[in-house]
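Fold and contact review
Read off the chains here:
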Amino acid sequence: MATMVEHAAGEGARPAADGRDGKDLILATKPFAVEDTRRSWLHVLSTLAVLGATTATALLAPWWTARAAAAVISGLVMVRVFIFFHDHMHGALLRRSSVAKALFTVVGLVLLTPKRVWKETHNYHHAHTAKLVGSHIGSYLMVSTDMWRKMSPAQKRMYKLIRHPLTILFGFFTIFIGGMCVSAFKRNPKKNWDSALALALHVAAAATLIGLGLWQAYVFGLFLPLFVASAAGGYLFYAQHNYPDVDVKPRTEWTYAHAALESSSYMEMGPLMRWFCGNIGYHHVHHLNPSIPFYRLPEAMAALPELQQPGKTSLRPRDIVACFRLKLWDAEAGKMVGYPD
């Protein structure tokens, strides 16, 4: 991964505040791309313990309100577990552990992010973030105002559907079941067999629980947590590259470092949400060097001046609304805008 990042930095990245740019800036982050294995396992095991406790509460609490609340919290904890999976796939977390490899294989199946399709699409996303053409694999499709004017009505409807808030809210069905499982398997059944396996396991779990009359166990123990995790993850991924200060470049002007620092947001969060989201709000740091473990991202940002003035967003309602209003890249204005109609 480090080799890919250094190669992608290339020449011509916009100079940073103290003169470091491109490869030099990426090299400055390398000391933070060293994990503490003991610390990594402590994060993983303690989080799985919390997930076990919230799941048990969702299954066993005597009041449905308590079960629903526990299920929502379980969903947020699943977001954190997903960040561990995400970091492991980048080689940033427990890369050499065979136990971790088996664990995160199971996590990928449970969270409907099978390893094969995730690795293919997410690595492509990192290598092509914020290119005006070609960034749609592993991310949300983005077009310019000029491209929009040339699209057919059917293409415009599909574009609106892909970026609609309801598509993200129902990401359990649209993004994960539809995109990561069904579409991936149909595209390449031989390669993406684990996408079919993930879907089959979920169908089997739902059919078994509901067939035994344990529909509440399915709703509160599995469906609602995954629904919350999918919606939260879908929005985080959207807002990390669709925020008011984003800067998008055509392929001829695109550089890896610029895409990391100017096209990936810093999402301001409180301590609790930073814990649930595994520091993924430090997204500009992560995109600059995805080999940095999640727990060292704040350290890297604090140590490097070039990383301390990113474009920002947050989970405040007004910022969520502002991000959802951004639909098209207006190259002339140099910013994202809404639909002209």
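To start, this report covers the structure provided alongside it. (Residues numbered from 1 in each chain as written. Predicted model: local features only at pLDDT ≥ 70, side-chain atom pairs only at ≥ 80, totals over all residues. Heavy atoms only, no water.)

Within the secondary structure layout, Asp194 lies in helix H11 (residues 193-211). Among all residues touching Asp194, those that are not within four sequence positions of it are Leu109, Pro114, Lys115 and Arg116. (Helix = DSSP H or I, 4+ residues; strand = E, 2+ residues; numbered from the N terminus. Contact = heavy atoms within 4.5 Å.)

Right, let's talk about the packing of aromatic side chains for a bit. Evaluation of the coordinates by the stated rule reveals 20 aromatic pairs. Pairing Trp275 with Phe276 gives two aromatic rings, centres 5.5 Å apart and planes at 75°, and the pair type is edge-to-face. Residue Trp275 is classed as partly exposed on the basis of its relative accessible area, which comes to 29%. Of the residues examined, Phe276 reaches a relative accessible area of 8% and is grouped as buried. Each residue in the set Phe170, Phe172, Phe173, Tyr218, Phe223 and Phe227 is aromatic and connected to the rest through ring pairs, giving one cluster. One residue, Lys160, lies across the ring of Tyr339, its end atom 5.1 Å from the ring centre. (Phe/Tyr/Trp six-rings, centres within 6.5 Å; stacked < 30°, edge-to-face > 60°. Buried < 20%, exposed > 50% of the residue type's maximum accessible area, 1.4 Å probe, protein only. Lys NZ or Arg CZ within 6 Å of the ring centre and 35° of its normal.)

A few words on the pattern of salt bridges. Within this structure, the stated rule accounts for six salt bridges. Note that Lys249 is salt-bridged to Asp247, the shortest N-O span being 3.6 Å. Judged by relative accessible area, which is 15%, Asp247 ranks as buried. A salt bridge links Arg316 to Asp319; the shortest N-O distance between them is 3.9 Å. A relative accessible area of 41% means that Arg316 is categorised as partly exposed. (Salt bridge = Lys/Arg side-chain N within 4 Å of Asp/Glu carboxyl O.)

Attention now moves to empty space enclosed by the protein. It is a probe the size of a water molecule, rolled over the atoms, that shows where empty space is left. Within this structure, the stated rule accounts for two cavities of 30 Å³ or more. What lines the second largest cavity is simply Ile83, His86, Asp87, Gly278, Ile280, His286, Ile292, Phe294 and Leu297. Here the lining of the second largest cavity gets three residues from one element, more than from any other, and that element is helix H4 (residues 64-89). Looking at side-chain class alone, the lining of the second largest cavity contains five nonpolar, three polar and one charged residues. (1 Å grid on protein atoms, 1.4 Å probe; cavity = no way out; pocket = protein on both sides within 12 Å on 5 of 7 lines; lining within 4 Å. Points joined across faces, edges and corners; volume = space filled by probe spheres on them. Nonpolar A, V, L, I, M, F, W, Y, C, P; charged D, E, K, R; others polar.)

What follows deals with the packing of H4 against helix H12 (residues 215-239). Running from N to C, H4 and H12 point in directions that differ by 40°, and their axes come no closer than 7 Å. With respect to each other, H4 and H12 are oriented oblique. For H4 against H12, the interelement crossing comes out right-handed. Across from Trp64, Arg67, Ala68, Ala71, Val72, Ser74, Gly75, Leu76, Met78 and Val79 in H4, the residues of H12 making contact are Gln216, Ala217, Phe220, Leu224, Pro225, Leu226, Val228, Ala229, Ala232 and Leu236. Of the residues assigned to the contact of H4 with H12, the class counts are 16 nonpolar, three polar and one charged. (Axes fitted to C-alpha atoms, helices over the stretch in contact; angles between N-to-C directions. Parallel < 35°, antiparallel > 145°, perpendicular 65-115°, else oblique. Left-handed = near helix turned anticlockwise from the far one by under 90°.)

Now for unusual backbone geometry. For Leu94, which is not glycine, the phi dihedral falls at a positive 50°. Its place among the elements puts Leu94 in the loop between H4 and helix H5 (98-110). In this model, Leu112 sits at a positive phi of 60°, which is unusual for a non-glycine residue. Tracing the chain through its elements places Leu112 in the loop between H5 and helix H6 (115-128). Assessed through its relative accessible area of 1%, Leu112 is described here as buried.

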